[in-house]
Amino acid sequence: MNDLSAGQEDYLRQHRKHRRIVCISRILILLSFLFIWEFTANVGIIDSFIFSSPSKIALCFWDMTADGSIFIHIGVTLYETLISFLLVIIVSILAAVVLWFSPKLSEILDPYLVVLNSLPKSALAPLLIVWLGATQTTIIVAGMSVAIFGGILSLYSSFMTVDPGKIKLIYTLGGTRFHAMTKVVIPSSVPAIISNMKVNIGLCLVGVIIGEFLAARNGLGYLIIYSSQVFKMDWLIMSIFLLCIMAMGLYAVIGAVEKVCKKRF
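The structure displayed is predicted, hence computed values, not measured ones.

Chemist: Describe empty space enclosed by the protein, with residues and values.
Modeler: Scanning the entire structure with this criterion turns up 1 cavity of 30 Å³ or more. For the largest cavity, the calculated volume is near 30 Å³. Along its surface, the largest cavity is lined by Ala125, Leu128, Ile129, Thr138, Ala142, Gly211, Leu214 and Ala215. Sorting the residues of the lining of the largest cavity by element identifies α6 (125–132), α7 (136–160) and α10 (190–215) as the ones contributing at least two each. Grouping the amino acids of the lining of the largest cavity by side-chain chemistry returns 6 nonpolar, 2 polar and no charged.

Chemist: How would you explain the environment of Glu9 if you had to name every residue and give the values?
Modeler: Relative to the elements of secondary structure, Glu9 occurs in helix α1 (residues 6–43). With relative accessibility at 39%, the residue Glu9 sits in the partly exposed group. For Glu9 and Tyr251, which are 242 residues apart along the polypeptide, the C-alpha to C-alpha distance reads 32 Å.

Chemist: I'd love a proper account of the layout of surface pockets, names of residues and values included.
Modeler: Each pocket or cavity is described by its volume, and for the largest pocket that value is around 320 Å³. Surrounding the largest pocket, 13 residues form its lining, Leu34, Ile57, Phe241, Leu242 and Ile245 being those nearest its centre. Secondary structure elements with two or more residues in the lining of the largest pocket: α1, α3 (54–67) and α12 (233–264). With 6 residues, α12 is the largest single contributor of residues to the lining of the largest pocket.

Chemist: Please give an account of α1 that cites residues and values.
Modeler: Under the 1.5 Å per step criterion, the end-to-end length of α1 is 54 Å for 38 residues, consistent within 8% with the ideal 56 Å. Within α1, the full set of buried residues consists of Trp37, Glu38, Thr40 and Ala41. Buried positions along α1 lie against α2 (48–51), α3 and α12. Following α1 by one or two positions, Gly44 adopts a phi angle in the positive range, close to 90°.

Chemist: I'd like a description of the packing of aromatic side chains, backed by residues and values.
Modeler: Applying the stated criterion across every chain, the model contains 6 aromatic pairs. Ring geometry for Phe33 against Trp37: centres 5.7 Å apart, planes inclined by 45°, an arrangement best described as tilted. Here Phe33 pairs with Trp37, and both are found in helix α1, just 4 residues apart, close to one helical turn. Taking the relative accessible area as the measure of exposure, Trp37 reaches 11% and is therefore buried. Measuring from ring centre to ring centre gives 6.2 Å for Phe35 and Phe39, while their planes differ by 15°; the resulting arrangement is stacked. Of the two residues, Phe35 and Phe39 both sit in helix α1, 4 residues apart, roughly one turn of that helix. The exposed category is assigned to Phe35, whose relative accessible area is 57%. The structure contains a cluster of three or more aromatic residues connected by ring pairs, namely Phe33, Trp37 and Phe241. Here the basic side chain of Arg177 rests over the ring of Trp100, its NZ or CZ set 3.9 Å away from the ring centre.

Chemist: Please give an account of the pattern of salt bridges that cites residues and values.
Modeler: Applying the stated rule across the entire model yields 1 salt bridge. Here Lys198 ties to Glu258 by a salt bridge, and the two come within 2.6 Å at their closest N and O atoms. Within this pair, whereas Lys198 is found in helix α10, its partner Glu258 is found in helix α12, the two being separated by 60 residues in sequence.

Chemist: An account of the nonpolar core is needed here, citing residue identities and associated values.
Modeler: Counting residues in hydrophobic clusters, the biggest one holds 51 residues, and the most contacted among them are Trp100 and Met238. Contributions of two or more residues to this core are made by α3, α4 (69–101), α7, α8 (164–172), α9 (177–188), α10, α11 (220–229) and α12. Ignoring any residue separated from it by four or fewer positions in sequence, one finds Met238 in contact with Ile57, Cys60, Phe61, Met64, Ile70 and Leu223.

Chemist: Outline a nonpolar patch on the surface, listing residues and values.
Modeler: Residues Phe35, Ile36, Phe39, Val43 and Ile45 make up a contiguous nonpolar surface patch of about 540 Å² in total accessible area. By secondary structure assignment, the location of Ile36 is in helix α1.

The rules we used
- Numbering of residues begins from 1 in every chain and follows the order in which that chain's sequence is written.
- Owing to the predicted nature of the model, reporting of local features is limited to residues with pLDDT of at least 70; listing and counting of side-chain atom pairs is limited to 80 or more, with chain, interface and lining totals taken over all residues.
- Only hydrogens and water are set aside when side-chain values are computed; all heavy atoms of the structure are taken into account.
- Both site types are read off a 1 Å grid over the protein atoms alone. A 1.4 Å probe that fits but cannot get out defines a cavity, while an open set with protein on both sides within 12 Å along at least five of seven lines defines a pocket; lining residues have an atom within 4 Å of a point.
- Grid points are joined across faces, edges and corners, and a volume is the space filled by probe spheres set on the points.
- Helix and strand labels come from DSSP, where a helix needs a run of H or I of at least four residues and a strand needs a run of E of at least two; each type is numbered from the N terminus.
- When residues are sorted by character, Ala, Val, Leu, Ile, Met, Phe, Trp, Tyr, Cys and Pro go into the nonpolar class, Asp, Glu, Lys and Arg into the charged class, and all the rest, Gly among them, into the polar class.
- Summary of the burial criterion: residues with accessible area below 20% of their type's maximum are buried, those above 50% are exposed, and those between are partly exposed, where the area comes from a 1.4 Å probe applied to protein chains only.
- Expected helix span is computed as 1.5 Å times (number of residues minus one).
- The contact definition used throughout considers only heavy atoms, calling two residues in contact when any of these lie within 4.5 Å.
- Note on ring pairs: Phe, Tyr and Trp rings are taken, using the six-membered ring of Trp, and paired if centres are within 6.5 Å. Classes follow the plane angle, with under 30 degrees stacked, over 60 edge-to-face and the rest tilted.
- In this scheme, Lys NZ or Arg CZ marks a charge over a ring once it lies within 6 Å of the ring centre and within 35 degrees of the ring normal.
- The term salt bridge refers to a pairing of a side-chain nitrogen on Lys or Arg with a carboxyl oxygen on Asp or Glu at a separation within 4 Å.
- Working definition of a nonpolar core: buried Ala, Val, Leu, Ile, Met, Phe, Trp, Tyr and Cys residues. They are joined through side-chain atoms within 4.5 Å.
- For patch detection, residues must exceed 30% relative accessible area and be free of salt bridges, and they are connected within 9 Å for like charges or within 5 Å for nonpolar side chains (Val, Leu, Ile, Met, Phe, Trp, Tyr).
- A 1.4 Å probe and the Shrake-Rupley method give the accessible areas. Residues count as covered only by the protein chains that appear here.

Here it is as structure tokens:
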């Protein structure tokens, strides 16, 4: 067992202290916000009907937990987000690989990918409903449409920036372009793939919510749009909080995957 020097121990102690301060500060900010919100709603500084309050939201969540309805909405949104996310990752990697193997094809398709990536995806949702109907498939496709074109461009750019010296070495040793892809390009692009996943998980959630606004009968997006129409603000704000928690959880899962990949690559 290696003994740490006094300087190293002091650095580790300062680092742990810094992390505790950051963690405590985050919790205090959240608790202060909730307290101010609850207080101002109770004394009438803000209209509790419009802005709701933490206690009303907690009570609403408890009621929907008791009858199990909230779990149906969370489950539907989570399922649609995960399916669209997995499809985006698979299609993005395959498309980037095809473009890397065919520079001429990538040159032809590049302006179209840029335009499609820049297009506001909310404009596509009504068109998808006409084409596919108001089904869960439409919502999943809407989730994919937000992330897929940017994912393809990002991964292809990462593939093209791999060290050319390593690729040349593969060719020198008698390897093929397939060997260069599997032995150099993909392993070197793992950090970029993970980074792409971090971005896409949030984008897929956004796309799914857009789809649920227009074509759902369940899900947090449906709950948000329905509650806004009937002025049930407790439901609306609760749904937004649940989406925040879901986004944090999904991002944390990708972060855990990133740690595992860093150990292997």
